[in-house]
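Below are the chains, spelled out letter by letter.
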Amino acid sequence: MKYVGEASQEELATGEHSTRNRVARSILDHGPSTVSDLAGRLGLTQAAVRRHLDALAADSVVEPRDQRIYGSRGRGRPAKVFALTDCGRDAFDQSYDQLAADALRWIAAAAGGGERGEAAVAAFARARIAGQSEGYREAVEAAEPDQRTEALAKALSADGYAATARSAPNRQGEQLCQHHCPVAHVAEQFPQLCEAETEFFSQLLGTHVQRLATIAHGDGVCTTFIPRATPQTTHHASESTAGRNPA
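## Quick notes on the pattern of salt bridges
Logical step 1: Tallying each qualifying case throughout the model produces five salt bridges.
Logical step 2: In this structure, Arg105 and Asp102 form a salt bridge, with 2.7 Å as the shortest nitrogen-oxygen distance. Placement of both Arg105 and Asp102 in helix H5 (residues 95–110) is noted, with a separation of three residues, approximately one turn of the helix.
Logical step 3: The class for Asp102 is partly exposed, based on a relative accessible area of 36%.
Logical step 4: The salt bridge involving Arg211 is made with Glu197; its shortest N-O contact spans 2.9 Å. Taken together, the residues Arg211 in strand E5 (residues 210–213) and Glu197 in helix H9 (residues 192–205) connect sequence positions 14 residues apart.
Logical step 5: Overall, Arg211 belongs to the buried group, its relative accessible area being 1%.

Below you can see the structure in the form of structure tokens.
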């Protein structure tokens, strides 16, 4: 039985996480801040603020810096301030998603809308992948044939996709799993981004691949089935199924 005022470990952890977000949000709203600044704004003790800042710094969300002084500086060392890192700012800033979606809508409208608009977005998606392809191609071509999916997963992880490769359940091939997708919110509206990526995987690995699930469609992981290489599996994925879950 839990008495009034008694909190479970899960509730305590949730409260800690919420307060930690408030600390980071305050830095986002007000700029680099001292421990004293944060304590005053948030109604916390300086000891509590330092504890949360240590956790945020360990997660690469904030970093300490010397306070920038404008004009004459008094005696003593400048106070330390805490600023958001690029990683920390990205966690709050979703405006790029809206910007990208607006740009793709403009491309579609400028091409005339309808099928022409969809084709224009698809052409952009392929061009985007082509611009990123060199590093992936080098990684895959340098690997042994049976290690190419793993090499692709490592290259994708380096770009923030948190990708892994594993044997498929039927052992007739492998599954390339992407646990994060930087463009998932935009791909919900423009599946051409997923389709272009799947086509690229097919071309890069030299075999037909099948997209089984995507984060953009509400799945937890983007999963692509890659059959075991044979001399016959050299054709590419069709556009009709490349970015969509199978029926």
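## Quick notes on the nonpolar core
The nonpolar side chains of soluble globular proteins are, as a tendency, buried together.
Logical step 1: Grouped together as the largest cluster of nonpolar side chains are 28 residues, with contacts concentrated most on Tyr136, Leu152, Leu156, Leu176 and Phe201.
Logical step 2: Elements with a minimum of two residues in this core: H5, helix H6 (114–141), helix H7 (148–158), helix H8 (184–189) and H9.
Logical step 3: Examining the composition of this core, we find that seven residues originate from one element, H9, more than from any other.
Logical step 4: Excluding anything up to four places from it in sequence, Phe201 contacts Leu152, Leu156, Leu176, Gln178, Val209, Arg211 and Thr224.
Logical step 5: Membership of the second largest hydrophobic core comes to 14 residues, among which are Ile27, Ala39, Val61 and Val62.

## Observations concerning the sheet that holds strand E6 (residues 222–227)
Logical step 1: As summarised here, the arrangement of the four strands in space is E3-E4-E6-E5, forming an open sheet in which the pairing is antiparallel. What marks the edges here is a single partner per strand, and that holds for strand E3 (163–167) and E5. Averaged over all pairs of adjacent strands, the angle between their axes in this sheet comes to 25°, without regard to strand direction.
Logical step 2: Across five bridges, E3 lies against strand E4 (residues 173–178) in antiparallel orientation.

## Remarks on the pairing of E6
Logical step 1: Counting buried positions along E6 gives six out of six residues, so the element sits mostly inside the fold.
Logical step 2: By the alternation rule, side chains of E6 split into Cys222, Thr224 and Ile226 and Thr223, Phe225 and Pro227, which are all buried.
Logical step 3: Relative to E6, E4 is paired through six bridges, and the arrangement is antiparallel. When the sheet's bridge partners are listed, Glu174 is paired in E6 with Ile226.

## Digging into the environment of Gln189
Logical step 1: Considering the arrangement of structural elements, one finds Gln189 in helix H8.
Logical step 2: Separated by 28 residues in the primary sequence, Gln189 and His217 have C-alpha atoms spaced 9.7 Å apart.
Logical step 3: Apart from residues no more than four positions distant in its own chain, Gln189 is found in contact with Ala101 and Arg105.
Logical step 4: There is a polar contact of 2.7 Å between the side chain of Gln189 and the side chain of Arg105.

## A closer look at the packing of H6 against H9
Logical step 1: With their axes 8 Å apart at the nearest point, H6 and H9 run at an angle of 40° to one another. Comparing the axis directions of H6 and H9 gives the class oblique. For H6 against H9, the interelement crossing comes out right-handed. Residue-level inspection shows Glu118, Val121, Ala122, Ala125, Arg126, Ile129, Ser133, Tyr136, Arg137 and Val140 of H6 in contact with H9, the latter providing Gln192, Leu193, Ala196, Glu197, Glu199, Phe200, Leu204 and Leu205.
Logical step 2: Taken together, the residues of the contact of H6 with H9 sort by class into eleven nonpolar, two polar and five charged.

## Some details on H9
Logical step 1: Between its first and last C-alpha, H9 extends 20 Å over 14 residues, near the 20 Å set by a 1.5 Å rise per residue.
Logical step 2: The buried fraction of H9 amounts to 13 of the 14 residues, a majority that puts the element mostly inside the structure.
Logical step 3: Taken from the residues just after H9, Gly206 is the one with a positive phi, measuring 70°.

About the thresholds
- Residues numbered from 1 in each chain as written.
- Predicted model: local features only at pLDDT ≥ 70, side-chain atom pairs only at ≥ 80, totals over all residues.
- Heavy atoms only, no water.
- Salt bridge = Lys/Arg side-chain N within 4 Å of Asp/Glu carboxyl O.
- Helix = DSSP H or I, 4+ residues; strand = E, 2+ residues; numbered from the N terminus.
- Buried < 20%, exposed > 50% of the residue type's maximum accessible area, 1.4 Å probe, protein only.
- Core = buried A, V, L, I, M, F, W, Y, C linked by side-chain atoms within 4.5 Å.
- Contact = heavy atoms within 4.5 Å.
- Pairing = 2+ DSSP bridges.
- Axes fitted to C-alpha atoms, helices over the stretch in contact; angles between N-to-C directions.
- Polar contact = N/O pair within 3.5 Å; in protein donor to acceptor, adjacent residues only side chain to side chain.
- Parallel < 35°, antiparallel > 145°, perpendicular 65-115°, else oblique.
- Left-handed = near helix turned anticlockwise from the far one by under 90°.
- Nonpolar A, V, L, I, M, F, W, Y, C, P; charged D, E, K, R; others polar.
- Expected span 1.5 Å × (residues − 1).

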